[in-house]
Amino acid sequence: MTPRPGLFDKIRSSLHGAPRRPAAPDRPYITLSYAQSIDGSIASRSGRPLALSCSESVVLTHRIRAIHDAILVGIGTIFADNPLLTVRHVAGESPQPVIVDSRLRLPLDARVLRQNHKAPWIATTEQADAEREKTLVRSGATVLHIQSQPDGLIDLEALLRLLKQMDIQTVMVEGGSQVITSFLKHRLVDQLVLTLAPVFIGGIQAVWPQQLSLLDPPRLEAAEWEMCGSDLVLRADIVWRDP
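Right, let's walk through the structure included here. (Residues numbered from 1 in each chain as written. Predicted model: local features only at pLDDT ≥ 70, side-chain atom pairs only at ≥ 80, totals over all residues. Heavy atoms only, no water.)

**Notes on the pattern of salt bridges**
Under the criterion given, the structure shown has eight salt bridges. Measuring nitrogen to oxygen at the nearest pair gives 2.8 Å for the salt bridge that ties glutamate 221 to arginine 219. The partner of aspartate 237 in a salt bridge is arginine 235, and the shortest N-O contact between them spans 3.0 Å. (Salt bridge = Lys/Arg side-chain N within 4 Å of Asp/Glu carboxyl O.)

Structure representation (structure tokens):
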């Protein structure tokens with residue numbers, strides 16, 4: 001009997017299988033992947049790092065990173081966690097780090113800038129300071145100029161079109177809450193990988209409550225889950241309703 005494919009195999013096949021392509025061919029395939037508590041929190045309070053995933057889930061996360069071309073986070077995640085955004089717990093190539101930073105606030109001592117062998121691509125807007133840009137470029141970063149939306153945030157659709165032109169076919173989006181909410185709000189997610197930690201936090205929600213009324217909730221299809229250490233990991237295809 002052929003063994004039942006594991007959750008990671010499903011994640012990988014969704015990336016590379018012909019039926020699992022994004023609704024918009026001019027952007028990469030997007031996997032939204034993050035960990036939350038039972039009550040939907042990803043942090044206890046703003047700016048405070050919080051390790052939710054167990055060690056087995058961390059290994060799975062790094063396996064997922066290794067099969068994506070790029071990994072994307074917002075500047076808030078850099079401030080809170082100072083992540084490396086690399087593959088370290090498994091064999092595999094690290095994805096290209098992409099940071100959404102509309103005002104170029106990335107610290108010059110950020111680990112993603114100093115210790116990642118792939119210098120980050122920083123997506124910013126016309127609000128960015130020109131001198132700050134020169135400093136970051138001298139430190140090795142590539143600055144991508146993206147138009148802003150009326151609220152001053154980066155136009156994510158424009159950013160994704162540019163990434164596709166730069167031969168990025170798959171992107172793993174890890175957070176934080178503003179980025180998660182924005183990708184959902186603009187219907188830019190193809191696959192969800194959600195790690196559910198068995199704790200209550202009562203903190204910062206993954207999806208901003210004040211934005212929920214603005215979202216056209218998608219359907220989760222082909223949903224599967226399995227235990228990964230003490231965590232439950234859910235994988236599902238995101239299917240959007242016709243506008």
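After that view of the structure, there is still more to cover.
**Some points on the nonpolar core**
Grouped together as the largest cluster of nonpolar side chains are 34 residues, with contacts concentrated most on Leu72, Leu159, Leu163 and Phe183. The element best represented in this core is helix H6 (residues 156–165), accounting for five residues. When residues no more than four places from it in sequence are discounted, the contact partners of leucine 159 are Leu72, Val100, Ala123, Leu144, Ile146 and Ile154. Core analysis: the next-biggest nonpolar cluster, separate from the first, contains 15 residues, Val73, Leu85, Leu106 and Leu136 among them. (Core = buried A, V, L, I, M, F, W, Y, C linked by side-chain atoms within 4.5 Å. Buried < 20%, exposed > 50% of the residue type's maximum accessible area, 1.4 Å probe, protein only. Helix = DSSP H or I, 4+ residues; strand = E, 2+ residues; numbered from the N terminus. Contact = heavy atoms within 4.5 Å.)

**Here we look at the side chain of histidine 62**
The residue histidine 62 is located in helix H2 (residues 55–66) in this model. In this structure histidine 62 comes out as buried when scored by relative accessible area, which is 3%. With near-sequence residues (within four places) excluded, histidine 62 lies in contact with Thr86, Val87, Arg88, His89 and Val90.

**Examining helix H5 (residues 130–138)**
Among the residues of H5, the N-terminal cap falls to aspartate 129, whose side-chain oxygen and the backbone nitrogen of glutamate 131 are separated by 3.1 Å. Once H5 ends, the next one or two residues include glycine 140, with phi positive near 110°. (Polar contact = N/O pair within 3.5 Å; in protein donor to acceptor, adjacent residues only side chain to side chain.)

**Brief notes about the environment of threonine 77**
Assignment of secondary structure puts threonine 77 in helix H3 (residues 75–81). Sequence spacing of threonine 77 and valine 100 is 23 residues, and the spatial spacing of their C-alpha atoms is 9.8 Å.

**Comments concerning the sheet that holds strand S7 (residues 170–175)**
Strand order in the open sheet formed by nine strands is S6-S5-S4-S3-S7-S1-S8-S11-S10, with mixed pairing between adjacent strands. Lying at the two open borders of the sheet, with one neighbouring strand each, are strand S6 (142–145) and strand S10 (219–228). Adjacent strand axes in the sheet meet at a mean angle of 20° when their direction is disregarded. Running over the sheet, helix H1 (residues 7–16) touches strand S1 (29–36), S7, strand S8 (191–196), S10 and strand S11 (231–239) and is turned about 25° from S11. (Pairing = 2+ DSSP bridges. Axes fitted to C-alpha atoms, helices over the stretch in contact; angles between N-to-C directions.)

**Some thoughts on the pairing of strand S5 (residues 121–124)**
Regular strands place side chains that alternate from one sheet face to the opposite one. Of the two faces of S5, the one lined by Trp121 and Ala123 and the one lined by Ile122 and Thr124 are each fully buried. Note: strand S4 (residues 96–100) against S5, three bridges, orientation parallel. Each residue of the ladder has a partner; that of isoleucine 99, found in S5, is isoleucine 122. As paired strands, S5 and S6 are joined by four bridges and run parallel to one another. When the sheet's bridge partners are listed, tryptophan 121 is paired in S6 with threonine 142. Each parallel crossover has a hand, and the one from S5 via H5 to S6 is right-handed. (Right-handed = clockwise from strand over helix to strand, strands pointing away.)

**A closer look at unusual backbone geometry**
The peptide bond linking glycine 175 to glycine 176 adopts the cis configuration, its omega dihedral lying at 5°. For glycine 176, the position within the fold is in the loop between S7 and helix H7 (177–185). Phi is positive for leucine 104, close to 50°, though the residue is something other than glycine. Secondary-structure assignment places leucine 104 in the loop between S4 and helix H4 (111–114). Positive phi, close to 70°, is recorded for aspartate 167, a residue that is not glycine. Considering the arrangement of structural elements, one finds aspartate 167 in the loop between H6 and S7.

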